[in-house]
Amino acid sequence: MKPWVPIVLLSLFIQTGAPVYASGNADVYSDTESLLPPVQDWSGKSESLVVAANDPWITPAERTGLIATPSYDETMAWLRKLVTATPELEMVSIGRSLQGRDFWMVIASTDRVFTADALKASGKPLLLAHSGIHSGEIDGKDAGLMLLRDMTLAGKRKELLAKANFLFIPILNVDGHERRSPYNRINQRGPAEMGWRTNARNQNLNRDFTKLDTEGVRALIRVLNQWKPDLYLDLHVTDGADYQYDITFGGNGRSGWSPAIGNWIEDVYRPAINAALDESGHVPGELVFAANGMDMKDGFLSWSGDPRFSNGYGDAIHLPAILVENHSLKPYKRRVLGTYVLLAQTLDLLAKEQDSLRLASNTDRQRRPRSIPLGFKRNEVPVTETVSFKGISSERYQGEVSGADVVRWTGEPLDESIPKVFIDVPSVMVEVPAAYIIPAAWSNIAERIALHGIEVEKLSEPLTTSAEIYHLPGAGIAEASAWTPNPFEGHIRINPGDPVKQVIETTFPAGSYRISTDQPLGELLVLMLEPQAPDSFLQWGFFLEIFTRTEYAEAYVLEPLGQKMLENDDELKARFEEKLANDDAFAASSNQRLMWFYERTPFYDDKYLMYPVARIMP
Ligand SMILES: [Zn+2]
């Protein structure tokens, strides 16, 4: 008799949160189709892109009728075979994941040159695209395989590669891709099995573009710096509402950190891609986020991403970056074919619009604004702009489970006019300094900044100068920083409150890091070092040490010290008495009373709550 066995097992389940299915009927979980909104009938010209079943170069996904996607090993084996048979293609590893998988990148060039310098010397525009940063959203991988074949071996679309070069990373989050299951994304129509959103340490790569914790994004940033693509596509699948659009895409808006690029994306890129998708039977749209998080009754948000996201990062570094979000409720086949059309048309457009794109990029890279917004918030002015929207009918009903209103999509196409809410009001504007100084003790911050391709200078001589520093007020008091209750992406996020700026005269010792903002990535630097920027290292919790006070004094020494201070300073005595009279909590706390004096002495820690990064003004 071993009565302890089930008890131990049960406690393991509880501790690990392992699934304990509530229903004995497995159909409840396998028939997700019955839970999803009605599927839209679709046929389109792009269906002819799929090769015949007996084609020797049929892709693994095509072989399934585009309802399933191959594993990492199957994908790379097929690509390796293609690359071996094709002189215009080569594969390179750009890094390795936590679980030891290579991040493979395919280089496609009709000139058969495969180094960054040689591609640059070709004078042709360079497109970089990757799929699977969220590896459950993997449409781009299967579209890319088909396109690489058609542009080379199959000879159907050779003209696309004649005037542009192509870098393609089929899977960025390779470890997440192998956490395959039919149960990973309940709100997505296929493929049959798909990967997981985060990597092997549960980190979301598409929140990592500034802090650079993950191997995947570090590898990608190395590619951006080494290969310098003219345009960058990040291929995703949506969550959220139902509508008619099957492919949605956009940059980071017209009013971000790269306005010339923002305008190019809206005025040049969007019309060309829309036309090609329309032509092929798809329904392209701009990025859609329901304003009320539920349906379109309150319109949709025109989102601007912070630089932790790929499109926000592109905006901050003046790299034309497009976020593609295929609609999760459209079947896999339709989404893959739409992505193929988008990729092909992007290459075609790059060849034609190379000059206008480079002009826009150079314009933004040469910008040196005197002040910049640290982020953007929702425009609360009543929305006046309504736009035509290809929606889907819906109703709301009272949910028995949630006890609240729930939306039910009822499947009728609805061409409506709805509000568009812009997130384009600067949250905080900050004056751009000439440079930042990071003390040698925080070399880890300087190192991460350098990984972005920002020039970092190590002072060989001491530098005496006036500088601005930030004090994060409320020293030692709980409300100094509102600590978020839960870790996020492996970090404790910090709310900096309202930093108080002070001007000091000081000498920075040799070994300190001086980082000029007068460089193309100067704005990204500001967005990583200003306390009030949402993606600053401070807000990501890289400076947690400054929130701990580490020297103390006991009452036996503070009491007589305070007594002496009162005897020697009538004004201090008056302020103390006023505080006692007006602040009952203070009067009742011996600790607070002693601290009040301690803080006013040179014995108190003057580095406590002091942000160690200094600003050198122009
Ligand atoms: Zn995604």
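Peer 1: Hey, could you run me through the overall build of the chain in this one?
Peer 2: Of regular secondary structure, the chain possesses 18 helices and 24 strands. Overall size of the chain, expressed as C-alpha extent along the three principal axes, is 95 × 70 × 65 Å. Expressed as a percentage of its 618 residues, the buried residues of the chain come to 52%. Of the contacts made within the chain by residues no fewer than 6 positions apart, 78% connect residues no fewer than 24 positions apart. With the model as given, the accessible surface of the chain reaches about 28,100 Å², and the carbon-plus-sulfur share is 53%. Seen as two clouds, the 61 positive and the 82 negative side-chain charges of the chain have centres 5 Å apart.

Peer 1: How do you make sense of the sheet that holds strand 9 (residues 300-302) when you look at a structure like this?
Peer 2: Each strand in a sheet pairs with another by means of backbone hydrogen bonds, the pair being arranged parallel or else antiparallel. With mixed pairing, the four strands of this open sheet are ordered in space as 8-9-14-13. Each having just a single partner strand, strand 8 (289-290) and strand 13 (386-398) make up the two edges of the open sheet. Pairing of strand 8 with strand 9, which is carried by two bridges, proceeds in the antiparallel orientation. Across the sheet, residue Ala290 finds its bridge partner in strand 9, namely Phe300.

Peer 1: Got a minute to help me understand the side chain of Asn199 in this structure?
Peer 2: Within the fold, Asn199 resides in the loop between helix 8 (174-177) and helix 9 (215-227). At a separation of 2.9 Å, a polar atom in the side chain of Asn199 contacts the main-chain amide nitrogen of Arg201. In terms of polar contacts, Asn199 uses its side chain to reach the backbone amide nitrogen of Gln203, at 2.8 Å. Those residues in contact with Asn199 that sit more than four places away from it in its chain are Leu98, Asn173, Gly176, Leu205 and Thr214.

Peer 1: When you look at the nonpolar core in this model, what are you seeing that I'm missing?
Peer 2: In globular proteins that are soluble, nonpolar side chains generally tend to be buried together. Membership of the largest hydrophobic core comes to 134 residues, with the highest contact counts inside it found for Leu148, Phe166, Tyr269, Ile449, Leu529 and Phe543. For this core, the leading source of residues is helix 12 (residues 332-365), giving 13 residues. Ignoring sequence-local partners within four residues, the contact set of Tyr269 consists of Leu231, Leu233, Phe249, Trp264, Ile322, Leu342, Thr346 and Leu349. In this structure, Ala241, Val283, Ala290 and Phe389 belong to the second largest nonpolar core, which totals 14 residues.

Peer 1: Quick question: what am I supposed to make of the sheet that holds strand 1 (residues 89-96) here?
Peer 2: Taken in spatial order, the eight strands of this open sheet run 1-2-4-3-5-10-6-7, and their pairing is mixed. Of all the strands in the sheet, just strand 1 and strand 7 (284-286) have a single pairing partner and so form its edges. Ignoring which end each strand starts from, the neighbouring axes of this sheet average 25° apart. The sheet contact formed by strand 3 (residues 126-131) and strand 4 (residues 165-169) spans five bridges and is parallel. Bridging from a neighbouring strand, Ala129 pairs with Phe168 of strand 4. Each of strand 1, strand 2 (102-108), strand 3, strand 4, strand 5 (231-237) and strand 10 (321-326) touches helix 6 (residues 139-151); the most contacted strand, strand 4, lies at about 145° to it.

Peer 1: Is there a simple way to explain the coordination of the zinc ion in this structure?
Peer 2: Tetrahedral coordination by four donors sets the ideal angle at the metal to 109.5 degrees; octahedral coordination by six donors sets it to 90 or 180 degrees. Only His134 (ND1), Glu137 (OE) and His236 (ND1) from the protein coordinate the zinc ion, and they sit 2.0 to 2.1 Å from it. Take His236: its relative accessible area is 3%, and that puts it in the buried class.

Rules behind the numbers
Residues numbered from 1 in each chain as written. Predicted model: local features only at pLDDT ≥ 70, side-chain atom pairs only at ≥ 80, totals over all residues. Heavy atoms only, no water. Helix = DSSP H or I, 4+ residues; strand = E, 2+ residues; numbered from the N terminus. Buried < 20%, exposed > 50% of the residue type's maximum accessible area, 1.4 Å probe, protein only. Contact = heavy atoms within 4.5 Å. Areas by Shrake-Rupley, 256 points an atom, 1.4 Å probe, with all protein chains shown as cover. Lys, Arg positive; Asp, Glu negative; His and termini not counted. Charge placed at Lys NZ, Arg CZ, Asp CG, Glu CD. Pairing = 2+ DSSP bridges. Polar contact = N/O pair within 3.5 Å; in protein donor to acceptor, adjacent residues only side chain to side chain. Core = buried A, V, L, I, M, F, W, Y, C linked by side-chain atoms within 4.5 Å. Axes fitted to C-alpha atoms, helices over the stretch in contact; angles between N-to-C directions. Donors = N, O, S within 2.8 Å, 3.2 Å for Na, K, Ca; no water.

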